[in-house]
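# Descriptive structure summary
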Amino acid sequence: MTEPTGRRERKKAQTRQSLADAALELFLDRGYDQVGVKDIADAADVSVTTLFKHFSGKEALVFDQDDDLEAALVSAVRDRTPGTSIPQALREHILLNQTRFAVHATDPRFADFTRMVQETPALRDYAHRMWTRHEAALARAIAEAAGAPEGDLGCAALARFALETRGLILRHAEPSRAADEAFALLEHGWAASHPAS
């Protein structure tokens, strides 16, 4: 009985990946604004209805790892090494992702992808909204880890500021130094209000 469920999930994952791959190819070949969802569905050999079962729209096809990003952020807080503060864990997580981001830079299409995102206002805005919408889940994880009540303003502020530092770090010529400086500010403020976490 569990095998069909596994097969169904694998098929859904394959369809989702086929759609994301087809979209990326079309976007890079023709330009984001010149590709419609029907073009993508046709390239992946699925219906437009199937496409919308997997993705909310064109922007989501560009950033198909959204759920994984949120889970990784929450995990960085919940599964941090004993003795590691929450700001330190978030700093390490963001820098690790910066390193993974740099590794993708070896893909020949990476420069084209980055340029497409930066030159397309809808994608630039969506990327920022996608990252910062994880704020609520991250704030809950921080509150839980700190033993603070859900909705704690300090936890919400740390989540927001930590997420916003990513943009500063990515744009800086020395990401590690930028992370050190940004998170030093967060660490000192966090330690003052939540000394045990």
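Scroll up to find the structure this text is about.
Presented here is an overview of the structure given in this document.

Rules used in this analysis
Residues numbered from 1 in each chain as written. Predicted model: local features only at pLDDT ≥ 70, side-chain atom pairs only at ≥ 80, totals over all residues. Heavy atoms only, no water. Helix = DSSP H or I, 4+ residues; strand = E, 2+ residues; numbered from the N terminus. Buried < 20%, exposed > 50% of the residue type's maximum accessible area, 1.4 Å probe, protein only. Contact = heavy atoms within 4.5 Å. Core = buried A, V, L, I, M, F, W, Y, C linked by side-chain atoms within 4.5 Å. Phe/Tyr/Trp six-rings, centres within 6.5 Å; stacked < 30°, edge-to-face > 60°. Lys NZ or Arg CZ within 6 Å of the ring centre and 35° of its normal.

## Digging into the overall build of the protein chain
A count of helical and extended segments in the protein chain gives 11 helices and zero strands. For the protein chain, the sequential pattern of α-helices and β-strands runs α-α-α-α-α-α-α-α-α-α-α. Counting every position in the protein chain, which comprises 197 residues, the buried fraction comes to 37%. When contacts within the protein chain are restricted to residue pairs at least 6 apart in sequence, those whose partners lie at least 24 apart make up 67%.

## Details of the nonpolar core
Judged by nonpolar contacts, the single largest core of 26 residues is most densely connected at Val77, Ile86, Leu90, Leu138, Ile142, Ile169 and Phe183. Among the secondary structure elements, those contributing two or more residues to this core are helix H5 (66-78), helix H6 (86-104), helix H9 (135-146), helix H10 (153-171) and helix H11 (175-193). Not counting chain neighbours up to four residues away, the residues in contact with valine 77 comprise Ile86, Leu90, Leu138, Ala141, Ile142 and Ala145. In this structure, Ala20, Leu26, Ala44 and Val62 belong to the second largest nonpolar core, which totals 22 residues.

## Describing the packing of aromatic side chains
Summed over the entire model, instances satisfying the criterion amount to one aromatic pair. Ring geometry for phenylalanine 27 and tyrosine 32: centres 4.9 Å apart, planes at 55 degrees, overall tilted. The same class applies to phenylalanine 27 and to tyrosine 32, which are both buried. Over the ring of tyrosine 32 we find lysine 58, and its NZ or CZ is 4.2 Å from the ring centre.

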